[in-house]
Structures are given as C-alpha cells and as structure tokens.
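# Structural description and commentary
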Amino acid sequence: MTSERFYLKAEAYFEPLINHWYAWPYLLPPVTGARHIVNTHRRIMQSFVKNYKLHIIASKESVLTGGEFLNCTEDQVGDIQALIEELDAKCGDLIELSDAVKYLDELLYNHTSGESIEYLYEKVPEPLKGCVELFMDMEHRPSYRIIEPLMYRSSYYKPALQTLSFGLLSKVEERPFVLSTPRLPDEKHLQVKADFNAPIVDAIFRSREKPLSSEDIDELFKGYELVGGLSYKELFTTEKPVINHVPVEQGIRLNYTGHAGFLIETKDVSIMVDPIIASRETNDDDTMLSFSELPETIDYILLTHTHMDHANIETLLQLRHKTKKIVVPKNNGGSIADPSLRLMLRQLNFDVMEVDDLDEIAIPDGRIVSLPFLGEHGDLNIRSKAAWYVEAYGKKCFFGADSSNPDRNLYEKLGLIFNDLDVLAIGMECVGAPYTWAYGALHTKKVPKAIKNSRRLDGSDCEQALPMVKAFNAKYVCVYAIGLETCFKYFNGLEHEEDSRQVHESNKFLEACKQIDVPAEMLFCKKTINLK
C-alpha cells in the first residue's frame, strides 16, 4: 500500500455527455431532449454523412464556429454513420416521442372552432397519452402543457444514455466547441460509461480538495467501461493545489468567476450566481478563478435562466458534492419551450428551491431576492428566469445577467424598493443568438427567416442598461457575460472583435456611466470586489 495521495489535476476538464453529445439543460427533459436528438443531432449527423466535405471546410472557418457543422474528418464518416444507426436503435422511442409532439401540434392547430377540445384526448398520440393537459387560451386557441414529473418517471428519461468524458488541457490546443459535434472516443480523452448520479462523479471532484490513494483511485474506476486513449491515472497528481480559498473575515467579498459568474461571500455564507468555472492550464495559473479557490461549502447557487452558459451542467455537477441548495426561478409548468429547472436539477440529486418574483430568502445579516427578468428569450412566454438581489451587512448587489430592459418602468418601480445598490452587474450581449438556436428544434413547422433574425436572444445595450443604473442609484457598475474570456470559447463559439456591437455598446455604456460619475468597468477573467 502506497502512502502517496493524489489530487485531481487542475488542468483536468470534464464534459457530461448525453447520447455522445455535450449535455445542456434542454437535453435532460425527455420531451425537449427528444426534439433536439431528432431535429438537431440526427439531422446534423445525416448532413455530415451526405456532404462531409462541406462540413470539413466550414469547420475550419473560425467565423462559422457555433454553426451546425460537424468538426470531424473524412476518416470519421463511418463513425458518424455508426452513431446514427446507434441512435435509431437505442432511441427509437425518443424518435416516436418527438414525432408525437409534431402530431399533437398539428392536431391542435387544426382545431379552429374554439369549441370544446375534450374529444381530442382520444387522439393524443400514445407516447404523450396521460402526460399532457389540453387547454384553450382566452382567445379560444388550443394548446397543451406537459405533465413533466410523469415524463421523468417514464421510460423516456434515460440515464443509461449519460456518459462522463475527461480531458487534460495540456493534450489539446483548446477545448473543441461543444454544441455542434458529438464526442467520439479518441486518444486525448477518457470516456467513462456512468450516469451523472453515479458515485464516481462526486468522488472524482471531491478529490480536488481531499486526495485519494492510488488504491482508492483504482477502486473508483473499477467496474466501469472505459473508452479512449487517456488513462484515468493521468487525471491525478501528487501536487497539491497552489492557489487556495481564503476565508472572508469581515464585510462582503465578490469574486468574478468569468462570463456571468460571481462568488459572493461573508464570514457566514457563500453564494454563487451562474457558475461556470474554468480548469487551470497549470497548477499556479492565476488568470481565472478556478475550483481550488472555492469555499469548502457553497450554501446557495442562484441560476438566472436555463440557457447553457448560465445553468451549466458541466460546472454544476462538479460543485454538487459541496452545494447545499440551488435556487431557481419559478417555471411556467409544462411548456415545451420552458422546461422546469427545478425538476431537471432534482434528477441530478440537487436540493432545489423554486422562487417567484420578489420572493425572499433570509441569510445571516441579509437576504436574497429574486427580481423580474425581462426579455432575452425571443419573446416566448418563459418564466424560468430571474435576476438576483443579494444584500448582506448592509451592502446591496444586483446580478442581472442577460436581463434586457424593454420597459424601463419595471426598473423604476424596483428602484424604489431596492435602491442605492453598491454593485450592479449587467450583461451586454446585445446581439444574441438567433431565436432558433435554443428553440428551433422544438418547433414542428419551419420558423420563417424573418422571425429567426428578428426575435434574437438579446440582452441589454447601453440605451437599456443606463436607466437601470439611474433607477437603482448604483454606486459601482460591472459589465459582464459578453463572451470575452477565451477559456470559455468552447461554449461561446465566437470571439468578439474590437469593433463588434457588444464591445462597442459596452464601451459606450462605460462612458455614459462616467458622465454621471458612476465608476464602471468591463469584467474580464478575474476580479475581486471587497465591500466593507
């Protein structure tokens, strides 16, 4: 028995996979997952097999990063064809579920009389029978809601499709973009055939702080099917983390963690907002806040909305072993475009609290309040979104993420209640992804180009954000979440140029804040703010 103890390497990165594709929130719920597996994954793979040369050319153009092009080689055409065949064999019932959504949409679309729809229950396709409620809106138009808890308890929720993938930054030039290409086994990665709730998951990530013996590591991976050229032994090192957590002794400390993430700490409580934590390239790399700097316990994780760069499953699973509670915004209850964050995170063994607008959670010497979040979802009726107000020791902070401000009256009213902010953080992703990026696969009819381009997933620009600063009487302003950090390019896709509208609007906003004597800055990589 060796006495050496091993830590998970700082450069180790993790990707949760569902049916070989990177797991993001819309893949977990059975109905939305089925629609994306059929209308995104299978469609893109079939396109690659039919016209792989176009995909290969497009994947080499950085301007097209994030587009629907597989980043694979000619030698992998057979592998992708095999994945299509595997999908058809293993996910036949999910394909039927996706088709059932299309059939039900058509059924309701053709009911135009405005009269009772009870007779339609008999015509609901089999995969959805007993799991939907049909209803009419106040203009007598038919629709339906999914009874989501039943779907999670059905055979359509498939943890067996989940896999764990690990890599080392030193073995790749950069992490490849996660959304447009399935993860085929290769020499630089290790895939572990285990679902997201398997004991191995928390044990691996706990070893960043509590090292394991060589025998412990062998036992941890024993019995799991392992694929790929990276040995699990290579994920671990005897070298202790160099950069560690420093406790807060007084006041409130804010640490920017990159993108839209913040760690808020007092001596009594630790809170994270929209965490996406980067792996370090080296053990002493201090350019980004990474896992070794986090507290031993996270009391609350607050999620602003369901988009994958805010509700990031990759990071959440790595924090699960130390997280007491996740707080999420209230859900609509069954809309296909708005799956419940509470339900999906409960499937991942989190303790989840759902809150409505202006609900409060008491914390030592302060409170957390969920504030209304407008826009950024293509004008859809999405309730699963909230900005967060955190108050502690008399200091007041607002984290708005991608909230836009199409109606400044809202923030004028909120400013009367939550005034004199010490910190206001707002995103400037004012040229968001097209409407179809998140919701196209859920539609059963083609979305017209004009709708796709008009209803983008936009956040605030200067004109919208400046009234917020004034309404809240903010003392200090942060611009964040516009995709500047290159270490997050694997999910952001594109890097913003100096003349991009996001950067232009951010600089315009900073100058506007300066004109009204409010200190403001654009956050990048790492920043500590002490409020005492």
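Presented here is an overview of the structure given in this document. (Residues numbered from 1 in each chain as written. Predicted model: local features only at pLDDT ≥ 70, side-chain atom pairs only at ≥ 80, totals over all residues. Heavy atoms only, no water.)

## Quick word on the overall build of the protein chain
- Along its length, the protein chain carries 15 helices and 23 strands.
- Radius of gyration (C-alpha) of the protein chain: 23 Å, near the 24 Å computed for a compact globule of 532 residues.
- For the protein chain, buried positions account for 56% of its 532 residues.
- Long-range pairs, those at least 24 residues apart, make up 75% of the contacts in the protein chain between residues at least 6 apart in sequence.
- Accessible surface for the protein chain amounts to roughly 22,800 Å². Of this, 48% is attributable to carbon and sulfur atoms. (Helix = DSSP H or I, 4+ residues; strand = E, 2+ residues; numbered from the N terminus. Rg over C-alpha atoms; globule rule 2.2 N^0.38 Å. Buried < 20%, exposed > 50% of the residue type's maximum accessible area, 1.4 Å probe, protein only. Contact = heavy atoms within 4.5 Å. Areas by Shrake-Rupley, 256 points an atom, 1.4 Å probe, with all protein chains shown as cover.)

## Observations concerning the nonpolar core
- Among the nonpolar cores identified, the biggest contains 114 residues, and Ile-200, Phe-221 and Leu-345 are the most heavily contacted of them.
- Per-element tally for this core: the top contributor is helix α4 (residues 92–109), with eight residues.
- Other than its neighbours up to four places away in sequence, Ile-200 contacts Leu-164, Val-192, Ala-194, Leu-220, Phe-221 and Tyr-224.
- Core analysis: the next-biggest nonpolar cluster, separate from the first, contains 32 residues, Ile-264, Tyr-300, Leu-302 and Ile-368 among them. (Core = buried A, V, L, I, M, F, W, Y, C linked by side-chain atoms within 4.5 Å.)

## Re helix α6 (residues 199–206)
- Buried residues dominate α6, accounting for six of its eight residues.
- On the buried face of α6, the contacting elements are β1 (7–8), β2 (12–18), β6 (162–168), β7 (189–192), α7 (214–221) and α8 (313–319).

## Topic: the packing of helix α1 (residues 30–50) against helix α3 (residues 77–90)
- Packing of α1 against α3 brings their axes to within 9 Å, and their N-to-C directions diverge by 150°. The handedness of the crossing between α1 and α3 comes out as left-handed. Of the residues in α3, those in contact with Ile-37, Arg-42, Met-45, Gln-46, Phe-48 and Val-49 of α1 are Val-77, Ile-80, Gln-81, Leu-83, Ile-84, Leu-87 and Asp-88.
- Taken together, the residues of the contact of α1 with α3 break down into nine nonpolar, two polar and two charged. (Axes fitted to C-alpha atoms, helices over the stretch in contact; angles between N-to-C directions. Left-handed = near helix turned anticlockwise from the far one by under 90°. Nonpolar A, V, L, I, M, F, W, Y, C, P; charged D, E, K, R; others polar.)

## Some details on the sheet that holds strand β16 (residues 360–363)
- If you trace the seven strands from one edge of the open sheet to the other, you get β16-β17-β18-β19-β20-β21-β22, paired in mixed fashion. Whereas interior strands pair on both sides, the edge strands pair on one side only; in this sheet they are β16 and β22 (520–522). Direction aside, the axes of adjacent strands within the sheet are offset by 15° on average.
- Pairing between strand β17 (residues 366–371) and strand β18 (residues 387–392): six bridges, direction antiparallel. Paired with Gly-366 across the bridge in β18 is Ala-392.
- The sheet strands contacting helix α13 (residues 462–472) are β19 (395–399), β20 (423–427) and β21 (477–480), and the helix crosses β20 at an angle near 165°. (Pairing = 2+ DSSP bridges.)

## Quick word on the packing of aromatic side chains
- Inspection of every chain in the model, using the stated rule, returns 21 aromatic pairs.
- Taking the centre distance of 6.3 Å and the plane angle of 45° together, the rings of Phe-166 and Phe-205 count as tilted. Here Phe-205 lies in helix α6 and Phe-166 lies in strand β6, a separation of 39 residues in the sequence.
- The exposure class of Phe-166 is buried, given its relative accessible area of 2%.
- Owing to a relative accessible area of 2%, Phe-205 belongs among the buried residues under this scheme.
- Ring pairing ties together the aromatic residues Trp-24, Tyr-26, Tyr-435, Trp-437 and Tyr-439, which thus form one cluster.
- The lysine or arginine in question, Arg-175, covers the ring of Tyr-490, its NZ or CZ lying 3.6 Å from the ring centre.
- Stacked on the ring of Phe-291, the Lys or Arg Arg-208 has its end atom at 3.8 Å from the ring centre. (Phe/Tyr/Trp six-rings, centres within 6.5 Å; stacked < 30°, edge-to-face > 60°. Lys NZ or Arg CZ within 6 Å of the ring centre and 35° of its normal.)

## Structural notes on the sheet that holds strand β14 (residues 323–329)
- As summarised here, the arrangement of the seven strands in space is β15-β14-β13-β12-β11-β10-β23, forming an open sheet in which the pairing is mixed. Only two strands of the sheet have a single partner each, and these edge strands are β15 (352–355) and β23 (527–531). Pairwise comparison of adjacent strand axes, ignoring direction, gives a mean angle of 20° for this sheet.
- As paired strands, strand β12 (residues 270–273) and strand β13 (residues 298–302) are joined by three bridges and run parallel to one another. Its bridge partner being in β13, Val-273 is matched across the sheet by Leu-302.

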